[in-house]
Amino acid sequence: MAKISAKYKVMYIIDPAVGEEGIAALVEKFKAMVEAEGTLTSLDELGKRRLAYPINDLPEGYYIRMTCECKPELPAELDRVLKITEGVLRSLITVENE
């Protein structure tokens, strides 16, 4: 039988050059996407951190971690939107083990 919903962890890095208001807007955008289709369990803003290697010649990024429970279709759409959103450097969505 197919799963109705699953738990996912979403981690993404925002370019700190977009400013505090830009970061807050992006966080709210992705938070609203998750809440529209599922349940947001936690949202942690880990803040500005040094990257392991430069991305687009940037040494730092603003890290965000979300945990949510949703249908399997949402992560694919969220990943697509994260990839095309200007200001998002990298993103990773994983399934949480039960």
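Notes on the structure follow. Model, not experiment: these values are computed from the prediction.

Section: the packing of helix 1 (residues 19-37) against helix 2 (residues 73-84)
At a minimum axis separation of 11 Å, helix 1 and helix 2 run at an interaxial angle of 165°. Taken together, helix 1 and helix 2 sit at an angle that is classed as roughly antiparallel. Seen along the crossing, helix 1 lies across helix 2 with a hand that is right-handed. In contact with K29, F30, M33, V34 and E37 of helix 1, helix 2 contributes L74, E77, L78, V81 and L82. Among the residues making up the contact of helix 1 with helix 2, the classes are represented as seven nonpolar, no polar and three charged.

Some points on the sheet that holds strand 1 (residues 6-14)
The four strands are arranged 2-3-1-4 in an open sheet whose pairing can be described as antiparallel. A strand with exactly one partner marks an edge of an open sheet, and here the two such strands are strand 2 (38-55) and strand 4 (88-95). Strand-to-strand twist across the sheet, computed as the mean angle between neighbouring axes with direction ignored, equals 15°. The pairing of strand 1 with strand 3 (residues 58-70) spans nine bridges and is classified as antiparallel.

A few points about helix 2
Residues spaced three or four apart along an α-helix face the same direction, because each turn holds 3.6 residues. Counted at 1.5 Å a residue, the expected span for helix 2 with its 12 residues is 16 Å, and the 18 Å between its end C-alpha atoms agrees. Of the residues making up helix 2, those classed as buried are L74, P75, L78, V81 and L82. Here the buried residues of helix 2 occupy an arc of 130° about the axis, which is enough to place them on one side. Away from its buried face, by an angle of more than 90 degrees, helix 2 presents the exposed residues E73, A76, K83 and I84. Elements that come into contact with the buried residues of helix 2 comprise strand 1, helix 1, strand 3 and strand 4.

Conventions we followed
Residues numbered from 1 in each chain as written. Predicted model: local features only at pLDDT ≥ 70, side-chain atom pairs only at ≥ 80, totals over all residues. Heavy atoms only, no water. Axes fitted to C-alpha atoms, helices over the stretch in contact; angles between N-to-C directions. Helix = DSSP H or I, 4+ residues; strand = E, 2+ residues; numbered from the N terminus. Parallel < 35°, antiparallel > 145°, perpendicular 65-115°, else oblique. Left-handed = near helix turned anticlockwise from the far one by under 90°. Contact = heavy atoms within 4.5 Å. Nonpolar A, V, L, I, M, F, W, Y, C, P; charged D, E, K, R; others polar. Pairing = 2+ DSSP bridges. Expected span 1.5 Å × (residues − 1). Buried < 20%, exposed > 50% of the residue type's maximum accessible area, 1.4 Å probe, protein only. Arc of directions from axis to C-beta.

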